[in-house]
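Residue strings, one per chain:
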Amino acid sequence: MACVNVFFFSLDPPVRRLAVLERCLSKDELVRADRFHFPQHRRRFVAARGQLRELLGREIGLSPESLRFCYGPHGKPGVEQTEEISFNLSHSNEAALLATCRGAALGVDLEWIERRVEYLLVARRFFSEQEVRKLDHCPPEHQREAFFACWTRKEAYIKALGEGLSRPLDSFAVGMLRGEPATLLWSRFPGEPERWSLHNLVLPGSYRGALAVEGQGWEVVIREIDPRGSPPYTTGAPRS
Ligand SMILES: CC(C)(COP(=O)(O)OP(=O)(O)OC[C@H]1O[C@@H](n2cnc3c(N)ncnc32)[C@H](O)[C@@H]1OP(=O)(O)O)[C@@H](O)C(=O)NCCC(=O)NCCS
């Protein structure tokens, strides 16, 4: 069965590890890092880019520093040296998620659910009518989970398409309630629900994540990366 590899990693690694990661960044990434005003933001950017390079390099068989990124019309990054491997990255708070696979488009989203969000206001602004109705009828104690399930699945799908917000967020609906599968239930664009599979990603602590990948029948394997840089280990089987 074809496999999607998902890596969950910290953006606050030990200082010595951060120095190793910084050494694999390109000149333009270092320039971008230096534009951050707050040191914490700089560190997290370096940790994200460095680990992205290490993990992708390992998958492709290239050294981290030799990877060159190219960008789609809406900024979705790819690897210049190969079209075979697809990847997508997401970061939230002090962690990041990277998903990779061969021969299919994919998108991933990570959210830290402790942050303050006015669920109903945001939902009314961005979600489809069907999703807003479901959230309105959800018991208050389940609303936060339902909101983030919806948000991460919608965002993962938008990121898989790579079109940014040119695809309206209310032009499709996803499964979001407890026990409801993470599917693309409906889209204003014909053929989309059959074309994509959505997956809920079970992650540590207050992190929630979702993956959208072209086609069906994927095995999704989640690995948590040791912040000290040891080989990845599997944290658990995904549930959808
Ligand atoms: C990039 C985008 C698609 C997601 O941004 P985000 O949620 O702020 O950020 P994430 O951490 O999930 O993803 C950022 C990463 O996605 C990748 N990315 C950038 N542009 C992308 C695109 N068009 N498509 C897919 N991935 C993209 C990059 O690797 C980027 O990492 P970098 O910032 O270190 O370069 C953003 O353009 C966007 O459209 N956000 C929509 C936000 C929103 O209103 N959501 C409503 C909730 S339903």
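Keep in mind it's a predicted model, so treat the numbers as computed, not measured.

Peer 1: Give a detailed account of the overall build of the chain, specifying residues and quantitative values.
Peer 2: Along the backbone of the chain there are seven helices and twelve strands. Since a compact globule built from 240 residues should have a radius of gyration of about 18 Å, the 18 Å found for the chain is in line with a globular shape. C-alpha atoms of the chain, sized along the principal axes, occupy 50 × 35 × 35 Å. Out of the 240 residues belonging to the chain, those deemed buried represent 37%. Sequence-distant contacts, at least 24 apart, represent 57% of the contacts inside the chain between residues at least 6 apart.

Peer 1: Please provide a residue-by-residue account of the sheet that holds strand β6 (residues 106–112), values included.
Peer 2: Taken together, three strands build an open sheet; the order of strands is β6-β10-β9 and the sheet is antiparallel. The sheet is open, and its two edges are formed by β6 and β9 (196–201), each paired on a single side. Adjacent strand axes in the sheet meet at a mean angle of 15° when their direction is disregarded. Bridging between β9 and strand β10 (residues 207–214) involves six bridges; their strand directions are antiparallel. For N200, the partnering residue across the bridge sits in β10 and is A210. This element, helix α6 (residues 140–161), spans β6, β9 and β10 of the sheet and lies at about 150° to β6.

Peer 1: Let's hear about the site of the ligand: which residues, and what values?
Peer 2: The environment of the ligand is made up of 21 residues, and the closest members are H74, G75, K76, S90 and K159. Where the shell around the ligand is concerned, the elements lending two or more residues are β4 (85–92), β6 and α6. If one sorts the elements of the shell around the ligand by residue count, α6 sits on top with five residues. A per-class count over the shell around the ligand returns eight nonpolar, eight polar and five charged.

Peer 1: An account of the nonpolar core is needed here, citing residue identities and associated values.
Peer 2: Of all hydrophobic cores here, the largest spans 59 residues; its most connected members are V6 and L211. For this core, the element with the highest residue contribution is α6, accounting for ten residues. When neighbours within four sequence positions are excluded, V6 is seen to be in contact with L97, A99, V108, L201, L211, V220, V221 and I222.

Peer 1: Help me get a handle on the environment of K27, residues and values and all.
Peer 2: With respect to the helices, strands and loops of the structure, K27 is situated in helix α2 (residues 27–34). Residue K27 is classed as exposed on the basis of its C-beta count, with 7 C-beta atoms lying within 10 Å. Spatially, the C-alpha atom of K27 lies 12 Å from that of S66, the residues being 39 residues apart in sequence.

Peer 1: For unusual backbone geometry, give the residues involved together with the corresponding values.
Peer 2: Of note, the phi angle at N93 is positive, near 55°, even though the residue is not glycine. Position of N93 among the secondary structure elements: in the loop between β4 and β5 (95–102).

Peer 1: An account of the packing of helix α1 (residues 15–22) against helix α3 (residues 39–60) is needed here, citing residue identities and associated values.
Peer 2: For the pair α1 and α3, the least separation of the axes is 8 Å and the interaxial angle reads 60°. Between α1 and α3, the crossing angle belongs to the class labelled oblique. The way α1 lies across α3 gives a crossing that is left-handed. Contact residues: α1 offers L18, L21 and E22, while α3 offers R43, V46, A47, G50 and Q51.

Peer 1: Explain the environment of A47 to me, and be specific about the residues and the numbers.
Peer 2: Considering the arrangement of structural elements, one finds A47 in helix α3. Distance in space between the C-alpha atoms of A47 and P193 is 35 Å, their sequence separation being 146 residues. If near-sequence neighbours (up to four positions away) are discounted, A47 is found in contact with L11, D12, P13, L18 and L21.

Peer 1: Quick one: what's the story with the packing of α2 against α3, residue by residue and with numbers?
Peer 2: Packing of α2 against α3 leaves a shortest axis separation of 9 Å and a crossing angle of 155°. Regarding the angle of α2 to α3, the classification is roughly antiparallel. α2 and α3 meet at a crossing whose hand is right-handed. On α3, the residues that touch E29, R32 and A33 of α2 are R42, F45, V46 and R49.

Peer 1: Talk me through α6; I want residue IDs and the actual numbers.
Peer 2: Between the first and last C-alpha of α6 there are 32 Å, a value that for 22 residues agrees with the 32 Å anticipated at 1.5 Å per step. G162, located one to two residues past α6, shows a positive phi value of around 75°.

Peer 1: Describe the pairing of β5, with residues and values.
Peer 2: One face of the sheet, then the other: side chains in a regular strand alternate in exactly this way. In terms of burial, β5 is largely enclosed, as seven of its eight residues are buried. One ladder, built from six bridges, connects strand β1 (residues 3–10) with β5; its direction is antiparallel. Each bridged residue has a counterpart across the sheet, and for F7 the counterpart in β5 is L98. Of the strand pairs in this sheet, β4 and β5 are connected by eight bridges, and their pairing is antiparallel. The partner of S86 across the bridge, within β5, is C101. Hairpin connection between β4 and β5: a loop of two residues separates the two successive antiparallel strands, and N93 in this loop has a positive phi of roughly 55°.

Procedures and definitions
Residues numbered from 1 in each chain as written. Predicted model: local features only at pLDDT ≥ 70, side-chain atom pairs only at ≥ 80, totals over all residues. Helix = DSSP H or I, 4+ residues; strand = E, 2+ residues; numbered from the N terminus. Rg over C-alpha atoms; globule rule 2.2 N^0.38 Å. Buried ≥ 20, exposed ≤ 12 C-beta atoms within 10 Å, placed from the backbone. Contact = placed C-beta atoms within 7 Å. Pairing = 2+ DSSP bridges. Axes fitted to C-alpha atoms, helices over the stretch in contact; angles between N-to-C directions. Near = placed C-beta within 6 Å. Nonpolar A, V, L, I, M, F, W, Y, C, P; charged D, E, K, R; others polar. Core = buried A, V, L, I, M, F, W, Y, C linked by C-beta atoms within 7 Å. Parallel < 35°, antiparallel > 145°, perpendicular 65-115°, else oblique. Left-handed = near helix turned anticlockwise from the far one by under 90°. Expected span 1.5 Å × (residues − 1).

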